[in-house]
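Structural overview
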Amino acid sequence: GEDKFGQLWIGTRHCLNRYNRQRGVFSNITRKTTNGLHSGHNTISKMAFDKKGDLYYSSVGKIFRINESELQKPVPVIDTIMDIVGEFSIDQNDIIHVITTGCYYKCPASEIKNIENYKIFCGEKTAACPYPGIMVYNNNTYVVSCEGLFVVNEQQKKLSPLFVEELKNKTIYSVYSDSNNKLWV
């Protein structure tokens, strides 16, 4: 992703990198920080910016944030937002949706430090496998897992499976929407 300073942030299976296009400098961020990721566990699975400009990313099930004011520093401070197995998505209203192996949270980005107060449901089996994925599309929140594709049902406080014959009992790794507003699984 690109931050408001024009820097490119690139997540790989080894680390989080920053490329300063003005200076032509590539920096490996997560290996420089003492409060970042641990050696050997640096796979970046997702990155997104909120409207304020904070960068969120997930790695090995943990969710991290780099505050917008830290993005240009040589060694930015990295906050651990959630130290549990989980994945996230940020919708167009700056709401952060988090799915874990047992809970679903829906929290305004401005309140991310208090995410535990925004638990929608817990105890619902989100997946038999670790690291479920999540995406918000057309006002629906989709969860992907080794058990198929689900949609979050907030009123019933549960995940409802989407029974598409081609997806039944299939491992789903990700879901995307394209510029034509189509959903890709």
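Described below are features of the structure shown in this document. All figures in this text were calculated on a predicted structure; none of them were measured in a lab. (Residues numbered from 1 in each chain as written. Predicted model: local features only at pLDDT ≥ 70, side-chain atom pairs only at ≥ 80, totals over all residues. Heavy atoms only, no water.)

**Regarding the packing of aromatic side chains**
Taken as a whole and judged by the stated rule, the model has five aromatic pairs. Between Y56 and F88 the ring centres are 6.4 Å apart and the planes differ by 50°, which places this aromatic pair in the tilted class. Linking Y56 in strand β5 (residues 55-59) with F88 in strand β8 (residues 86-90), this pair joins segments that are 32 residues apart in sequence. Using a relative accessible area of 1% as the deciding quantity, one classes Y56 as buried. Residue F88 is classed as buried on the basis of its relative accessible area of 0%. The interplanar angle of 20° and the centroid separation of 5.2 Å between the aromatic rings of Y57 and F64 together place this pair among those described as stacked. It is K46 that lies over the ring of F88; its NZ or CZ is 5.8 Å from the centre. (Phe/Tyr/Trp six-rings, centres within 6.5 Å; stacked < 30°, edge-to-face > 60°. Helix = DSSP H or I, 4+ residues; strand = E, 2+ residues; numbered from the N terminus. Buried < 20%, exposed > 50% of the residue type's maximum accessible area, 1.4 Å probe, protein only. Lys NZ or Arg CZ within 6 Å of the ring centre and 35° of its normal.)

**So, the nonpolar core**
Counting 15 residues, the largest nonpolar core has Y56, M82, F88, I96, V98 and I115 as its most contacted members. Taken together, the elements giving at least two residues each to this core come down to β7 (79-82), β8, β9 (95-100) and β10 (103-108). By residue number, the principal contributor to this core is β10, which donates three residues. Grouped together as the second largest cluster of nonpolar side chains are ten residues, L16, I44, L55 and Y57 included. (Core = buried A, V, L, I, M, F, W, Y, C linked by side-chain atoms within 4.5 Å.)

**Re the environment of A48**
Structurally, A48 is set in strand β4 (residues 44-49). The exposure class assigned to A48 is buried, which follows from its relative accessible area of 19%. Sequence separation between A48 and S89 is 41 residues; the distance between their C-alpha atoms is 7.6 Å. Setting aside residues no more than four positions away along its own chain, A48 makes contact with D54, L55, Y56, F88 and I90. (Contact = heavy atoms within 4.5 Å.)

**Regarding the state of the cysteines**
For the structure shown, the criterion picks out one disulfide. Disulfide pairing is shown between C103 and C122; the S-S distance is 1.6 Å. Of the two residues, C103 is situated in strand β10 and C122 in strand β11 (residues 119-122); the sequence distance between them amounts to 19 residues. C122 sits in the partly exposed class, given a relative accessible area of 42%. (Disulfide = S-S within 2.5 Å.)

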